[in-house]
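# Results of the structural survey
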Amino acid sequence: MPHRGPIGVFDSGVGGLSVLREIRRELPQEDLLYVADSRHAPYGDKPADVITERALTVTGFLLEQGAKAVVVACNTATAASAHTLRARFAVPIIAMEPAVKPAVASTRSGVVGVLATSQTLASHRFVQLLGRFNAGAEVLVQPCPGLVERVEAGDLDGEATRALLADYLMPLLEQGADTLVLGCTHYPLLTPLIEDLAGPAVRVVSAGGAVARQVRRRLDESGLLAEAPHPGTASFWTSGVPETVGRLIERLWGERVQVAALPPR
C-alpha cells in the first residue's frame, strides 16, 4: 500500500535545498518537509555533541509532522549524528557523504580536490571514506571556513564570496586537481561561481543526485513510495527569523513559499 506521508529533510540552514531540489526532481509526487536550523548555523564549527543534539531535536520534530523518512542534508550533521539517529529512530535515515568515489573514478589528472567544512574533514567517517577511495587518485582536502556564512547571507556571487572561494580553490588547482568535490550541501548553491573560477576543464561534483536516488531506493524497499499522479507539496520551517530565511529560500527554491517558525525546543 503506497504511503502518503512526507519526506523530512534538514540542514543547518539553506544548503540542504540543493538536496531538496534533487529529491523533488527524482520524486515529484512526494510531499516534502524542510527544516533550516538557521539559528544554529553553521554546524561546521560546533562540537559533535552539539550537532547531534540539534539533529535529534529536528528529526523528532519532522517525525511529529508525520515524516516517513528523514534525509540529513548536511555532511557535517551526517558525520556527527547519523549513527545516533539510526539507533534512535525506526524510520529510514538517509545521510550524506562527499562524492569522493565518483570523483576518483572520473579524474583525468589523478588529482581530486575536496571542499568541505573543517568538522566534516576531521570526522572519522570522512577519514574512512578517504581510506576506501583514495587509492585511485591523490585526494587533496580544503577546509572552507566562512563559506557557509556567505551562502546563509545570500551572497552567492559577490566580491567577498568570490575572493574567499578563490583562496580555497587556487591551491587545489595549482596542484593539478581537475575534479572538485563539493563536500557541503551549501556549496552546490555556489556552483556557477565555482565553475567560473575553476574554468571549463575542471569538473564539479556533488552528492545531491545520488542521495535522491538513495531516497527512492529506501522508500521503494520499505513500500513507502507515494503514488505517481499526486503532485508533491513542500513545507518549510526555520529556527531563524522566518521572514529573513523565507526570502532566501524563495530565491533558491524558485517558488513562493511560507516559512514557519520552528517551535523552540
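Our structure is the block above this text.
Residues numbered from 1 in each chain as written. Predicted model: local features only at pLDDT ≥ 70, side-chain atom pairs only at ≥ 80, totals over all residues. Heavy atoms only, no water.

A separate point is the overall build of the protein. Looking only at helices and strands, the protein features 11 helices and 10 strands. Scaling as 2.2 N^0.38, a compact globule of 265 residues should have a C-alpha radius of gyration of about 18 Å, and the protein matches this with 18 Å. Residues counted as buried form 55% of the 265 residues belonging to the protein. Taking as baseline every contact in the protein between residues at least 6 positions apart, the subset at least 24 positions apart corresponds to 77%. (Helix = DSSP H or I, 4+ residues; strand = E, 2+ residues; numbered from the N terminus. Rg over C-alpha atoms; globule rule 2.2 N^0.38 Å. Buried < 20%, exposed > 50% of the residue type's maximum accessible area, 1.4 Å probe, protein only. Contact = heavy atoms within 4.5 Å.)

With that settled, consider the pairing of strand S7 (residues 179–182). By the alternation rule, side chains of S7 split into Thr179 and Val181 and Leu180 and Leu182, which are all buried. Examined bridge by bridge, strand S5 (residues 111–116) and S7 share 4 bridges and lie parallel to one another. Across the sheet, Gly113 pairs through a bridge with Leu180, a residue of S7. Sheet topology note: the S7/strand S8 (residues 203–205) ladder contains 3 bridges and is parallel. Considered in S8, the bridge of Val181 is made with Val205. Handedness of the crossover is the feature at issue here: the chain leaves S7, passes through helix H9 (residues 191–198), returns alongside S8, and the resulting connection is right-handed. (Pairing = 2+ DSSP bridges. Right-handed = clockwise from strand over helix to strand, strands pointing away.)

Moving on: the packing of helix H1 (residues 17–26) against helix H11 (residues 242–253). The geometry of a pair of packed helices is captured by two quantities: the angle between their axes and the separation between those axes. Taken N-terminus to C-terminus, the directions of H1 and H11 make an angle of 45 degrees; their axes are 11 Å apart at the nearest point. On the basis of their axis angle, the class for H1 and H11 is oblique. Of the two possible hands of crossing, H1 and H11 adopt the one that is right-handed. Residues Leu17, Leu20, Arg21 and Arg24 of H1 form the contact with H11, whose participating residues are Ile249, Leu252 and Trp253. (Axes fitted to C-alpha atoms, helices over the stretch in contact; angles between N-to-C directions. Parallel < 35°, antiparallel > 145°, perpendicular 65-115°, else oblique. Left-handed = near helix turned anticlockwise from the far one by under 90°.)

With that out of the way, let us pick up the packing of aromatic side chains. According to the stated counting rule, one finds 3 aromatic pairs in the structure shown. Look at Tyr34 and Phe236: their rings are 6.1 Å apart centre to centre, the planes differ by 55 degrees, and that puts the pair in the tilted class. Linking Tyr34 in strand S2 (residues 32–36) with Phe236 in strand S9 (residues 234–238), this pair joins segments that are 202 residues apart in sequence. For the pair shown, Tyr34 and Phe236 are each scored as buried. The interplanar angle of 80 degrees and the centroid separation of 5.2 Å between the aromatic rings of Phe61 and Trp237 together place this pair among those described as edge-to-face. Within this pair, whereas Phe61 is found in helix H2 (residues 48–64), its partner Trp237 is found in strand S9, the two being separated by 176 residues in sequence. Trp237 gets classed as buried once you look at its relative accessible area, which sits at 14%. (Phe/Tyr/Trp six-rings, centres within 6.5 Å; stacked < 30°, edge-to-face > 60°.)

Each strand in a sheet pairs with another by means of backbone hydrogen bonds, the pair being arranged parallel or else antiparallel. The sheet built from 4 strands is open, its strands ordered S6-S5-S7-S8 with parallel pairing. In this open sheet, the two edge strands, each paired with only one partner strand, are strand S6 (138–143) and S8. Strand-to-strand twist of the sheet, defined as the mean angle between neighbouring strand axes without regard to direction, takes the value 25 degrees. Pairing geometry for S5 and S6, over 6 bridges, is parallel.

Moving on: the pattern of salt bridges. Using the criterion set out here, one finds 11 salt bridges in the structure. Residue Arg256 pairs with Glu250 through a salt bridge whose shortest N-O separation is 3.1 Å. Classification of Glu250 by relative accessible area gives partly exposed; the value is 22%. (Salt bridge = Lys/Arg side-chain N within 4 Å of Asp/Glu carboxyl O.)

Within strand S1 (residues 7–11), 5 of the 5 residues are buried, leaving the element largely enclosed by the surrounding structure. Burial along S1 is two-sided: the residues Ile7, Val9 and Asp11 and Gly8 and Phe10 are all buried. When S1 meets S2, the two strands line up parallel, connected through 5 bridges. Across the sheet, Val9 pairs through a bridge with Tyr34, a residue of S2. Once you follow S1 into H1 and on to S2, the crossover reads as right-handed. With 4 bridges connecting them, S1 and strand S3 (residues 69–72) associate as parallel partners. Paired with Val9 across the two strands is Val71, which belongs to S3.

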